[in-house]
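Spelled out from the first residue to the last, the chains are:
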Amino acid sequence: MSNPAADATARDVALELRAHERILIVSHARPDGDCLGSATALLAALRSLGKTVAAYNTSPVPRILAFLPEIDSVSTELPAWAPDLTVFVDCGGIDRVGENFVPQGRVLNIDHHATNDRFGDMNYIDVGAAAVGDQVREILRELGVELTPTIATSLYTALATDTGCFRYANTSARAFKLAAELADAGAKPAYISQQVYESRTPGEVMLTARCLSSLHLESAGRLAWAELRNSDFAKAGGRDNEPEGLSSELRAIDGVEISVLFHELEEGGLRGSLRGKGNVSCSALAEQLGGGGHVAAAGFALKGVEYEPARDKALDLLRTAVGKLSPG
Ligand SMILES: [Mn+2]
């Protein structure tokens, strides 16, 4: 690292991008709207400057993000050429791209996670940015690249998805100002919302129904849990039908402090998705079960074991944690 002590600015990043010709943009596995919106916007901007540029993600593009402009340029294959600059977007750590990914050339790290470990040769970290899309907008300003409707659509998608459609704590005046600017530049908020949030398949709705009909409320309504067994996936057309954010639906119940959605695994055992409102640490609980994550969202897997005993072991841990809270 050339200067690990100081974080770079959008202007530094613009100079770095201008100094390179073959640029690879990478983003995290199981990609979301922010990482793919930011990647496609940056890709379009760099192409307009005449750069050779490609975007790589180890996971396929989620169906609900397939409408993004330039999304066909995001590949699960690395380009044939060797990049002289690898740009990470929305990655708190270098391992978020995928276990076996090794960057080539200089490493530029553009991110807004407080936990970012500054793995780049240059690190542009802005925890105040609601989305990396906001940081990309600042970079384009420094590059002198105009906001086209294509770029605005990608950046609006980044911003809208990372703020939960302008509902989460990161929804600030700054976020609304950016949204207005992007709408002025040609992003269509209603169209984008419809693509991302109102284009569910029948299979997704059926799986949601199965999940919610297995809902249990315990501990005076402060613990919610539900499960998707192998038979549920079979009846709803497969595992790919699990909609984005299903585990968060359980937390959204009034009075619930912590929720868990169990997914039975084909190979035996389960994967658990924990969601909380901040009074119980999901990551601390997940760690006790061999997993990890954040305070509000974490996960764990208990593989190759019998499903029900594994589920009950996890539930016992959650019941104890919720029981320690002061009476709600
Ligand atoms: Mn993000």
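What you see is a predicted model, and the numbers here were worked out from it, not measured in a lab.

A word on the sheet that holds strand β3 (residues 74-75)
Then comes step 1: Spatially, the six strands line up as an open sheet ordered β3-β2-β1-β4-β5-β6, and their pairing is parallel. Each end of this open sheet is capped by a strand with a single partner; those strands are β3 and β6 (122-125).
Then comes step 2: Relative to the sheet, helix α2 (residues 33-48) contacts β1 (22-27), β2 (52-56), β3 and β4 (85-89), its axis offset from that of β1 by approximately 170°.

So, the packing of α2 against helix α4 (residues 149-162)
Then comes step 1: Following both chains from N to C, one finds α2 and α4 inclined at 160°, their axes separated by 7 Å at the closest point. Between α2 and α4, the angle is such that the two are roughly antiparallel. Handedness of the crossing formed by α2 with α4: left-handed. Every residue of α4 that contacts α2 at G33, D34, G37, S38, T40, A41, A44 and A45 is listed here: T150, I151, S154, L155, T157, A158, T161 and D162.
Then comes step 2: Looking at the contact of α2 with α4 residue by residue, the class counts come to six nonpolar, eight polar and two charged.

Brief notes about the nonpolar core
Then comes step 1: By size, the foremost hydrophobic cluster in this structure holds 57 residues, and its most contacted members are I25, L42, V87, V89 and L159.
Then comes step 2: For this core, the element with the most residues is α2, which contributes nine residues.
Then comes step 3: In this structure, L228, L250, I258 and F262 belong to the second largest nonpolar core, which totals 28 residues.

Some details on the environment of I125
Then comes step 1: Relative to the helices and strands, I125 is located in strand β6.
Then comes step 2: If we ignore the near neighbours within four places in the chain, the residues touching I125 are D7, D111, N116 and R118.

Observations regarding the packing of α4 against helix α5 (residues 173-184)
Then comes step 1: Look at α4 against α5: their axes get within 9 Å of each other, and the N-to-C directions meet at 155°. By the angle between their directions, the pair α4 and α5 is classed as roughly antiparallel. The chirality of how α4 crosses α5 is left-handed. Taking contact as the criterion, the partners of A152, L155, Y156 and L159 in α4 are, on α5, A175, L178, A179 and L182.
Then comes step 2: Looking at side-chain class alone, the contact of α4 with α5 contains eight nonpolar, no polar and no charged residues.

Quick word on the sheet that holds strand β8 (residues 223-228)
Pairing between the strands of a sheet comes from backbone hydrogen bonds, and it takes one of two forms, parallel or antiparallel.
Then comes step 1: Sheet architecture is open: six strands sit in the order β7-β8-β9-β10-β12-β11, paired in mixed fashion. Only two strands of the sheet have a single neighbouring strand rather than two, namely β7 (216-218) and β11 (292-293).
Then comes step 2: Bridge count between strand β10 (residues 269-276) and strand β12 (residues 297-303): seven bridges; the pairing is antiparallel. Across the sheet, residue S273 finds its bridge partner in β12, namely G299.
Then comes step 3: Here helix α7 (residues 202-213) sits on the sheet and contacts β8 and β9 (258-264); the angle it forms with β8, its principal contact strand, is near 130°.
Then comes step 4: Along the sheet, helix α11 (residues 307-323) makes contact with β7, β8, β9, β10 and β12, crossing β9 at roughly 175°.

Some remarks on the domain arrangement of the protein chain
Then comes step 1: Taken domain by domain, the protein chain holds domain 1 (10-197) and domain 2 (202-323).
Then comes step 2: Taking the mean C-alpha position of each, domain 1 and domain 2 sit 30 Å from one another.

So, how was this worked out
- Residues numbered from 1 in each chain as written.
- Predicted model: local features only at pLDDT ≥ 70, side-chain atom pairs only at ≥ 80, totals over all residues.
- Pairing = 2+ DSSP bridges.
- Helix = DSSP H or I, 4+ residues; strand = E, 2+ residues; numbered from the N terminus.
- Contact = placed C-beta atoms within 7 Å.
- Axes fitted to C-alpha atoms, helices over the stretch in contact; angles between N-to-C directions.
- Parallel < 35°, antiparallel > 145°, perpendicular 65-115°, else oblique.
- Left-handed = near helix turned anticlockwise from the far one by under 90°.
- Nonpolar A, V, L, I, M, F, W, Y, C, P; charged D, E, K, R; others polar.
- Core = buried A, V, L, I, M, F, W, Y, C linked by C-beta atoms within 7 Å.
- Buried ≥ 20, exposed ≤ 12 C-beta atoms within 10 Å, placed from the backbone.
- Domains from an automatic or database assignment.

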